[in-house]
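In case you want the letters, here they are:
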Amino acid sequence: VYLYVILSYLWVTLTFEYVEYLTVSGLASSWYFLYDTEYFPNSPVLQSFKRAMSSSFGSASFAAFVLAVITFLRQIVERSDSCSNNNGTLALVCCILKCCALCILCILESCVATLNRYALVYCAAFGIPYIASCKRVVELECTRFIRVFMSSCMISYATSYNLLVFSIASALAGFGFGHLAFKGKSDFTDAMKLLFKIFTCAFALLFTFGIYETLIEPILTLADTLLICFSENPENLKTTAYDLYELLADQYSAGLGEEITNQRNANSEQEDSNQNNR
């Protein structure tokens, strides 16, 4: 029962997290492909949430289950007491096996988590199931994955550094506010003044951290979705946001011209075939 509760908790938590991820990703992909067209929905957030809770919910649930099983196994290995054996040789062997198992599970967990993020972008943007999305991610790995992955990592690290800077700045501002609030007041002891300064400093730090953590995940989801959509159809961003298109085109300039040319040729061939059929 204990193991079932832990596994189900991880599964449910990750499923709701991926539903949120699908909602934000669907919103970003709708803006990317349908903005300023007649097909753009009146309430894109609601439409994206409906897709996440209906047609894409199975993909979110399956992706969460795979990651939950790996995380569950890693936690079991971490909490095992196989190294507490009195036999020195046996304890050493158990510790080595435990370290190897933890290393494998941690690598597998990181890879599956990354695969789930990119695969669910395809689920939200193109409405394909999870397995087909994984195949699209594998195809992306063979062509433009390094650029997409490095751009995503740079955005993630940049937001983490911003969190550090804003947290330190807010802590100093809170401490300064506490100092100014008690400046020149003699009815409080020095210990009470110091305690209030520490309280305002900690409150400002925790408040900034909470707000930033609430906003950071949607921002990273939007960034991942735009990078995936841009790698699949870069020319579409010209009509949506030309400044962003130029910025991304500078980063992806090596293969972007060939990509657009191939897409234009494919569209021309499709139009010619449609005319012939008519």
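Note that the structure is predicted; figures quoted are calculated from it, not measured.

1. Considering the overall build of the protein
Item 1. Per the secondary structure count, the protein includes 10 helices and zero strands.
Item 2. Along its sequence from the N terminus, the protein presents helices and strands in the succession α-α-α-α-α-α-α-α-α-α.
Item 3. A burial count over the protein gives 35% of its 278 residues as buried.
Item 4. In the protein, the proportion of contacts linking residues at least 24 apart, taken out of those at least 6 apart, comes to 73%.
Item 5. When the accessible area of the protein is evaluated, it comes to approximately 17,200 Å², of which 66% is carbon and sulfur surface.

2. Things to note about the confidence of the model for the protein
Item 1. Looking at the protein as a whole, the pLDDT averages 80, with 79% of positions reaching at least 70.
Item 2. Taking the mean pLDDT of every element in the protein, the minimum, 57, falls on helix α10 (residues 253-277) and the maximum, 92, on helix α3 (residues 57-78).

3. Quick notes on the nonpolar core
Item 1. Judged by nonpolar contacts, the single largest core of 30 residues is most densely connected at Tyr-18, Leu-22, Leu-120 and Ile-228.
Item 2. At the level of elements, α1 (2-34), α3, α4 (88-126) and α5 (130-143) are the ones that each hand at least two residues to this core.

4. Things to note about the packing of aromatic side chains
Item 1. Applying the stated criterion across every chain yields a total of 11 aromatic pairs.
Item 2. A centroid spacing of 4.9 Å and a plane angle of 75° characterise the contact between Tyr-32 and Phe-33, whose relative ring orientation is edge-to-face.
Item 3. Linked through ring pairs, Tyr-32, Phe-33, Tyr-122 and Phe-126 together constitute an aromatic cluster.
Item 4. The positively charged end of Arg-136 is found above the aromatic ring belonging to Phe-126, 5.2 Å away from the centroid.

5. A word on the pattern of salt bridges
Item 1. This model, assessed by the stated rule, comprises five salt bridges.
Item 2. Glu-109 is the partner of Arg-74 in a salt bridge, and the nearest nitrogen-oxygen pair spans 2.6 Å. Here the residue Arg-74 occupies a position in helix α3, and Glu-109 occupies one in helix α4, the gap between them amounting to 35 residues. Each member of the pair Arg-74 and Glu-109 is classed as buried.
Item 3. Sharing partners across several salt bridges, the network here consists of Arg-74, Glu-78, Arg-79 and Glu-109.

6. Section: α1
Item 1. With 33 residues, α1 extends 47 Å between its outermost C-alpha atoms, agreeing within 8% with the 48 Å of an ideal straight helix rising 1.5 Å per residue.
Item 2. Phi turns positive, to about 65°, at Asp-36, one or two residues after α1.

7. Some remarks on a nonpolar patch on the surface
Item 1. On the surface, Phe-199, Phe-203, Phe-207, Ile-211, Leu-215 and Ile-219 cluster together into a nonpolar patch covering about 650 Å² of accessible area.
Item 2. Along the chain, Phe-199 turns up in helix α7 (residues 190-232).

Criteria and cut-off values
- Throughout, residues of each chain are indexed from 1 in the direction in which the sequence is written.
- Predicted model: local features are reported for residues with pLDDT of at least 70 only, side-chain atom pairs are reported and counted for 80 or more only, and whole-chain, interface and lining totals are derived from all residues.
- To obtain the side-chain values, all non-hydrogen atoms of the structure were used and water was disregarded.
- What counts as a helix is a DSSP run of H or I of at least four residues, what counts as a strand is a run of E of at least two, and both are numbered from the N terminus.
- Burial classes: relative accessible area under 20% of the type maximum marks a residue as buried, over 50% as exposed, and values in between as partly exposed (1.4 Å probe, protein chains only).
- Residue contacts are defined here by distance: any two heavy atoms, one from each residue, within 4.5 Å place the two residues in contact.
- Per-residue and other accessible areas were derived by the Shrake-Rupley procedure at a 1.4 Å probe size, with only the shown protein chains allowed to occlude residues.
- Values of pLDDT, which run from 0 to 100, indicate the predictor's confidence residue by residue.
- Each nonpolar core is a collection of buried residues, namely Ala, Val, Leu, Ile, Met, Phe, Trp, Tyr and Cys, held together in the definition by side-chain atoms within 4.5 Å.
- The aromatic pairing rule takes the rings of Phe, Tyr and Trp, using the six-membered ring of Trp, and pairs them if the centres are within 6.5 Å, calling planes under 30 degrees apart stacked, those over 60 edge-to-face and the rest tilted.
- A ring is considered to have a charge above it if a Lys NZ or an Arg CZ atom is located within 6 Å of its centre and within 35 degrees of its normal.
- Here, a salt bridge means any Lys or Arg side-chain nitrogen found within 4 Å of an Asp or Glu carboxyl oxygen.
- The span you would expect from a helix comes to 1.5 Å times its residue count less one.
- Patches here: salt-bridge-free residues with over 30% relative accessible area, like charges joined within 9 Å, nonpolar side chains (Val, Leu, Ile, Met, Phe, Trp, Tyr) joined within 5 Å.

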